[in-house]
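A closer look at the structure
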Amino acid sequence: GQQLNQSPQSMFIQEGEDVSMNCTSSSIFNTWLWYKQDPGEGPVLLIALYKAGELTSNGRLTAQFGITRKDSFLNISASIPSDVGIYFCAGGGGYGGSQGNLIFGKGTKLSVKP
Amino acid sequence: GAVVSQHPSRVICKSGTSVKIECRSLDFQATTMFWYRQFPKQSLMLMATSNEGSKATYEQGVEKDKFLINHASLTLSTLTVTSAHPEDSSFYICSVNRGEETQYFGPGTRLLVL
């Protein structure tokens, strides 16, 4: 089945540093989404990307939809302690699946050293 | 975005009993909702797609007679775990599809089966 390769699996960074994570796939997607999940809670949508090449920002977050439609990255600038959590990428459409279904990456666990 | 609620937030039950989890779309009429299961330190796994007014579509390997889904209105979908067993203990999360393959998630329900 469809799979997304998300990396890195985990990372420790110093507060104030920039963070970068990415997802790749062997198949194309029509939509790339980035979510953040805190412990014991549901994922919260951070950024949604709908067009190849699209670059979108949300505060300190920036994400891009790869031109090949097979990858996406998320950057966090000037990280702060509340950025701690698990970040998931998700791809939608483009693979003949049921409308609205998403394929999730395995997540990137972000830990910030205060 | 979309506001999604789930009830209960956590439930403990005895093995063999049934548990009902509600998912409500508070600000959007959703013809499609999704049910996911998430085990510790893992990504979200789609269980089924809940369609208002029709039968749910289950993913491969998910027993439809064990995980009963009812999407009786445009704002409510329920998931009933029948004859629950300890291996059903997990974090169950619903989501609402608000178009363009973008999903908004509820806060999740923690189920513990003793």
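Preceding this section is the structure that the text describes.
A brief report on the enclosed structure follows.

Rules used throughout
- Starting afresh in each chain, residues are numbered from 1 along the sequence in its written order.
- Whichever chain is written first becomes A and whichever ligand is written first becomes 1, with later ones labelled in order.
- Where local features are concerned, this predicted model is filtered to residues with pLDDT of at least 70; where side-chain atom pairs are given and counted, the filter is 80 or more; whole-chain, interface and lining totals use all residues.
- Note that the side-chain values use all heavy atoms of the structure and ignore hydrogens as well as water.
- Strands are runs of DSSP state E lasting at least two residues, helices are runs of H or I lasting at least four, and both sets are numbered from the N terminus onward.
- All radius of gyration figures rest on C-alpha atoms, and the globule criterion is 2.2 Å times the number of residues raised to 0.38.
- Think of it in three bands: residues with accessible area under 20% of the maximum for their type are buried, residues over 50% are exposed, and the middle band is partly exposed, with areas taken using a 1.4 Å probe on protein chains only.
- When checking whether two residues touch, look at their non-hydrogen atoms; a contact exists if any pair is within 4.5 Å.
- All accessible-area figures derive from a Shrake-Rupley calculation using a 1.4 Å probe, and residue coverage is judged against the displayed protein chains alone.
- The term salt bridge refers to a pairing of a side-chain nitrogen on Lys or Arg with a carboxyl oxygen on Asp or Glu at a separation within 4 Å.
- A pair of Phe, Tyr and Trp rings is counted when the ring centres sit within 6.5 Å of each other, with Trp represented by its six-membered ring. The angle between the planes then sorts it: under 30 degrees is stacked, over 60 is edge-to-face, the rest tilted.
- Lysine NZ or arginine CZ positioned within 6 Å of the ring centre and within 35 degrees of the ring normal marks a charge as sitting over the ring.
- Surface patches are drawn from residues lacking salt bridges whose relative accessible area is over 30%; two like charges belong together within 9 Å, two nonpolar side chains (Val, Leu, Ile, Met, Phe, Trp, Tyr) within 5 Å.
- In what follows, a disulfide is any cysteine sulfur pair within 2.5 Å.
- One requirement defines pairing of two strands: DSSP has to find at least two bridges between them.
- Helix axes are fitted only over the stretch in contact, all axes being lines through C-alpha atoms; the angle between N-to-C directions runs from 0 to 180 degrees.
- The quantity reported as buried area is the accessible area (1.4 Å probe) lost by two parts once they are put together, taken as the sum for both.
- Any N or O atom pair separated by 3.5 Å or less is treated as a polar contact, with the protein-specific requirement of one donor-capable and one acceptor-capable atom, and with residues adjacent in sequence counted only for side-chain atom pairs.
- All amino acids are sorted into three groups, where Ala, Val, Leu, Ile, Met, Phe, Trp, Tyr, Cys and Pro are nonpolar, Asp, Glu, Lys and Arg are charged, and the leftover types, Gly among them, are polar.

When its secondary structure is counted, chain B shows zero helices and eleven strands. Starting at the N terminus and walking to the C terminus, you meet the elements of chain B as β-β-β-β-β-β-β-β-β-β-β. Whereas a compact globule of 114 residues would reach a radius of gyration of roughly 13 Å, chain B reaches 13 Å, a difference of no more than 12%. C-alpha atoms of chain B, sized along the principal axes, occupy 40 × 25 × 25 Å. Among the 114 residues that make up chain B, the fraction classed as buried is 53%. Within chain B, counting contacts between residues at least 6 apart in sequence, those at least 24 apart form 52% of the total. Accessible surface, chain B: about 5700 Å² in total, of which carbon and sulfur atoms supply 51%.

All names here are of chain B. In total, this model carries five salt bridges over all chains according to the counting rule given. Two residues, D27 and R98, come together in a salt bridge whose shortest N-O distance is 3.7 Å. In this pair, D27 sits in the loop between β3 (19–25) and β4 (32–38) while R98 sits in the loop between β9 (90–97) and β10 (103–105), placing the two residues 71 residues apart along the sequence. Given the relative accessible area of 39%, D27 is considered partly exposed.

Another aspect to go through is the packing of aromatic side chains. Pairs of aromatic rings are described using the distance from one ring centre to the other and the angle between the two planes. Evaluation of the coordinates by the stated rule reveals eight aromatic pairs over all chains. Between F104 of chain A and Y36 of chain B, the ring centres sit 5.6 Å apart and the planes meet at 85°, which makes this aromatic pair edge-to-face. Separated into two different chains, F104 of chain A in strand β10 (residues 102–104) and Y36 of chain B in strand β4 make up a pair that spans both. Taken together through their ring pairs, the aromatic side chains of Y35, F88 and F104 of chain A together with Y36 and F105 of chain B make up a single cluster. Over the face of the ring belonging to F67 of chain B we find K66 of chain B, whose NZ or CZ atom lies 6.0 Å from the ring centre.

Glancing now at the environment of G61 of chain B. In this structure, G61 of chain B sits in the loop between β6 (57–58) and β7 (67–73). G61 of chain B sits 34 residues away from D27 of chain B along the chain, and the two C-alpha atoms are 32 Å apart.

All names here are of chain B. On the surface, I12, L112 and L114 cluster together into a nonpolar patch covering about 310 Å² of accessible area. On the secondary structure map, L114 appears in the segment after β11 (109–113). We classify L114 as exposed; its relative accessible area is 59%.

What follows deals with the side chain of N51 of chain B. Residues and elements named next belong to chain B. Checked against the element boundaries, N51 lands in strand β5 (residues 45–51). The class for N51 is buried, based on a relative accessible area of 19%. In contact with N51, not counting residues within four places along its chain, are T31, T32, A56, T57 and H71.

Attention shifts here to the state of the cysteines. Residue and element names in this part refer to chain A. Within the structure shown, the criterion is met by two disulfides over all chains. Each sulfur in the disulfide pair C23 and C89 lies 1.7 Å from the other. Handedness of the C23-C89 disulfide follows from its S-S torsion of about -85°: it is left-handed. In this pair, C23 is assigned in strand β3 (residues 19–24) and C89 in strand β9 (residues 85–92), connecting sequence segments 66 residues apart.

Looking now at the sheet that holds β7 of chain B. Residue and element names in this part refer to chain B. Reading across from one edge, β1-β3-β8-β7 is the order of the four strands in this open sheet, with antiparallel pairing throughout. Only two strands of the sheet have a single partner each, and these edge strands are β1 (4–7) and β7. This sheet shows a mean twist of 15° between the axes of neighbouring strands, independent of strand direction. In this sheet, β3 lies alongside β1 in antiparallel orientation, the contact comprising four bridges.

Every contact between the two is made by 22 residues of chain A and, on the other side, 21 residues of chain B. For the chain A and chain B pair, buried surface summed over both sides reaches about 1600 Å², with 54% attributable to carbon and sulfur atoms. Taken together, the connections running from chain A to chain B amount to zero salt bridges. Run the count over chain A and chain B and you get five residue pairs in polar contact (both at pLDDT 80 or more). Looking at the side of chain A that touches chain B, the elements that each hand over two or more residues are β4 (31–37), β5 (44–49), β9 and β10 of chain A. Considering each element in turn, the side of chain A that touches chain B owes the most residues, four residues, to β4 of chain A. Looking at the side of chain A that touches chain B residue by residue, the classes come out as nine nonpolar, eleven polar and two charged.

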